Amino acid sequence: MELERQLLRDVGRAIADHDLIQDGDRILVAMSGGKDSYGLLVLLRTLQRRAPVDFDLLAVHLDQGHPGYDGAPLQRWLENEGVAFRILREDTYSIVIDKIPAGKTYCSLCSRLRRGILYQAAADLGCNKIALGHHRDDTLETALLNLFFAGKLSAMPPRLTSDDGRHVVIRPLIYCAETQLAALAEARRFPILPCNLCGSQAEAQRKQMKALLAQLERSNPTLRQSMLAALGNVVPTHLLDRDLQRVAAAAAAQSSAAAHSSAPPALLQIALPRRSP
Ligand code: SF4
């Protein structure tokens, strides 16, 4: 179907642009049971059949001990699809409600705990990469959140190596529109697990960013494409970050020296300061 073709094109482009998958990779696909995680798995499986490189996929779902949780529909779907999978059980819910004061959102601690468990699972299960289902609109909302509330220009990286170098996190859906992933979930009738069992509300600020994007998009239909393009089209000399300006100046000096030298051009090696993701 055309929708699936478009999504596959976006995923293929993200994989090629950011070198997300190589021959011999064994990729842990994080399955939350939400629409995006089903889409991620289905699209990666289709690409796996067509790709010129060999890679393995292992779907991993984490039962976090939320009250009323029922992972049976997801498990049945994975079995019916013939997907290799593991279901892990870790009661992060009790930790989160113990540590977070009433009325505050749980998401930040909950995600950190989940990330740690997935990292460990990837090591235990022999996976060298972890694929997450964040899409274009997640990254745009994160960029706005960082700009408006955290005082930094930063979004979600399509590929990130952990500080200890042991894990590579990839986001193959980074170019995919959430509306298209929702349409795929509906067309394929994915058995989506409810995401409100934890009792936490989505962060109010993220909701605001979502609403702001939707509002601006009414007068500028290409807003999201333009914002996504901007994330890949940074002009360091026109920002106020002195570290970045030093790097840009060093790069310019190296290029100029290489252009005036008769020796073969040296590989440009610029040490960017380490930033947190
Ligand atoms: S919505 Fe609930 S399960 Fe999801 S990250 Fe937030 S606290 Fe965790």
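Undergrad: Give me the overall build of the chain: which residues, what numbers.
TA: A count of helical and extended segments in the chain gives 10 helices and six strands. Taken against the 2.2 N^0.38 rule, which gives 19 Å for 277 residues, the C-alpha radius of gyration of the chain at 21 Å falls within 12% of a compact globule. Relative to its 277 residues, the chain shows a buried fraction of 26%. Counting only contacts in the chain whose residues sit at least 6 apart along the sequence, the fraction spanning at least 24 positions is 76%.

Undergrad: Can you tell me about the site of the ligand, naming the residues and giving the values?
TA: Neighbouring the ligand are the residues Tyr106, Cys107, Cys110, Ser111, Cys195, Cys198 and Ser200. For the shell around the ligand, a count of residues per class yields five nonpolar, two polar and no charged.

Undergrad: I'd like a description of unusual backbone geometry, backed by residues and values.
TA: You will see that Asp19, though not glycine, has its phi angle at about 55°, which is positive. Looking at where Asp19 falls in the secondary structure, it is placed in the loop between helix H1 (2-18) and strand S1 (26-30). Residue classification places Asp19 among the exposed positions, given that 10 C-beta atoms sit within 10 Å. Despite not being glycine, Arg189 has its phi angle at roughly 50°, a positive value. Checked against the element boundaries, Arg189 lands in the loop between helix H7 (178-188) and helix H8 (204-219).

Undergrad: Account for the packing of helix H2 (residues 35-50) against H7, with residues named and values stated.
TA: Think of two packed helices as two axes; the pair is described by the angle between the axes and how far apart they sit. Packing of H2 against H7 leaves a shortest axis separation of 9 Å and a crossing angle of 80°. Taken together, the axes of H2 and H7 lie roughly perpendicular to each other. Contacts between H2 and H7 involve Lys35, Asp36, Tyr38, Gly39 and Val42 from the first element and Leu181, Ala182, Leu184, Ala185 and Arg188 from the second. Split into classes, the residues belonging to the contact of H2 with H7 amount to six nonpolar, one polar and three charged.

Undergrad: How would you explain helix H3 (residues 72-81) if you had to name every residue and give the values?
TA: Within H3, burial applies to Leu74, Trp77 and Leu78. Taken end-on, H3 shows its buried residues confined to a sector of 100°, consistent with a single buried face. Residues of H3 that are exposed and point over 90 degrees away from its buried face: Ala72, Arg76, Glu79 and Asn80. Contacts made by the buried residues of H3 are with strand S2 (56-63) and strand S3 (85-89). In the stretch just after H3, Gly82 is the one whose phi turns positive, near 70°.

Undergrad: Talk me through the packing of H1 against H2; I want residue IDs and the actual numbers.
TA: Close contact between H1 and H2 brings their axes to 10 Å; oriented N to C, the two are set at 75°. The angle between the axes of H1 and H2 places the two elements in the roughly perpendicular class. The segment H1 lies against H2, with Leu7, Leu8, Val11 and Gly12 engaging Leu43, Thr46 and Leu47. Its residues assigned to classes, the contact of H1 with H2 shows five nonpolar, two polar and no charged.

What counts and how
Residues numbered from 1 in each chain as written. Predicted model: local features only at pLDDT ≥ 70, side-chain atom pairs only at ≥ 80, totals over all residues. Helix = DSSP H or I, 4+ residues; strand = E, 2+ residues; numbered from the N terminus. Rg over C-alpha atoms; globule rule 2.2 N^0.38 Å. Buried ≥ 20, exposed ≤ 12 C-beta atoms within 10 Å, placed from the backbone. Contact = placed C-beta atoms within 7 Å. Near = placed C-beta within 6 Å. Nonpolar A, V, L, I, M, F, W, Y, C, P; charged D, E, K, R; others polar. Axes fitted to C-alpha atoms, helices over the stretch in contact; angles between N-to-C directions. Parallel < 35°, antiparallel > 145°, perpendicular 65-115°, else oblique. Arc of directions from axis to C-beta.

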